[in-house]
Amino acid sequence: IAPSLIHQESDIIKRSIRKVKKIDGKFDLIFMDPPYQMDIIFKKTLKKILDFKAIKKNSLLVLEHARKRKIVIPKEFEIIKKKNYGNSSVTLIKLK
């Protein structure tokens, strides 16, 4: 990954985390749709979601990503469904 993308990734995660910290309560549903070349931020962002205890046991997370890219998720999550749409994929995950 180019250094400029790593810097952008870091900024996106930091801004998102600051917003999540301000919200009181837990989410039932989270949509994640980062720019396709930056879909490696899924694992880092999901770890932060766990750190902040921002989801419930039965919460659903919807991850949109490039079809040809394999996404990496923390071990605390499991994939429950994946669907391809053209060049895109939507992966549904939840806590194990």
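Treat the numbers as computed from the prediction; the structure is a model and nothing was measured.

So, how was this worked out
Residues numbered from 1 in each chain as written. Predicted model: local features only at pLDDT ≥ 70, side-chain atom pairs only at ≥ 80, totals over all residues. Heavy atoms only, no water. Helix = DSSP H or I, 4+ residues; strand = E, 2+ residues; numbered from the N terminus. Buried < 20%, exposed > 50% of the residue type's maximum accessible area, 1.4 Å probe, protein only. Contact = heavy atoms within 4.5 Å. Salt bridge = Lys/Arg side-chain N within 4 Å of Asp/Glu carboxyl O. Pairing = 2+ DSSP bridges. Axes fitted to C-alpha atoms, helices over the stretch in contact; angles between N-to-C directions. pLDDT = per-residue confidence, 0-100.

## A few points about the overall build of the protein
Secondary structure summary: the protein contains two helices and four strands in total. Reading the secondary structure of the protein in the N-to-C direction produces α-β-α-β-β-β. In the protein, which comprises 96 residues, the share counted as buried stands at 32%. Counting contacts in the protein only where the partners sit at least 6 residues apart, residues at least 24 apart contribute 59% of the total.

## Side note on the pattern of salt bridges
Think of it this way: side chains of opposite charge can pair up when their charged atoms draw near. Counted under the stated rule, the structure contains four salt bridges. With a closest N to O distance of 3.3 Å, lysine 75 and glutamate 76 form a salt bridge. According to the relative accessible area criterion, glutamate 76 is partly exposed, its value standing at 26%. Between lysine 94 and glutamate 78 there is a salt bridge, and its shortest N-O distance comes to 3.7 Å. Here the residue lysine 94 occupies a position in strand 4 (residues 88-95), and glutamate 78 occupies one in strand 3 (residues 77-85), the gap between them amounting to 16 residues. Accessibility expressed as a relative area gives 31% for lysine 94, which makes it partly exposed.

## With respect to the pairing of strand 4
On any regular strand, side chains alternate: one points to one face of the sheet, the next to the other face. Relative to strand 4, strand 2 (residues 55-66) is paired through six bridges, and the arrangement is antiparallel. Across the sheet, residue leucine 63 finds its bridge partner in strand 4, namely threonine 91. Between strand 3 and strand 4, which pair antiparallel and follow one another directly, the connecting turn spans two residues, one of which, glycine 86, has a positive phi of 60°.

## Describing the sheet that holds strand 1 (residues 27-32)
Spatially, the four strands line up as an open sheet ordered 1-2-4-3, and their pairing is mixed. The sheet is open, and its two edges are formed by strand 1 and strand 3, each paired on a single side. Direction aside, neighbouring strands of the sheet carry axes that sit 15° apart on average. Bridging between strand 1 and strand 2 involves five bridges; their strand directions are parallel. If you follow isoleucine 30 over to strand 2, its bridge partner there is leucine 61. Running at roughly 165° to strand 2, helix 2 (residues 41-51) makes contact with strand 1, strand 2, strand 3 and strand 4 of the sheet.

## Observations regarding the confidence of the model for the protein
Scored by pLDDT, the protein has a mean of 83; 81% of the residues are at 70 or more. In the model of the protein, helix 1 (residues 3-21) stands out as the element of lowest mean pLDDT, 64, in contrast to strand 3, which has the highest, 97.

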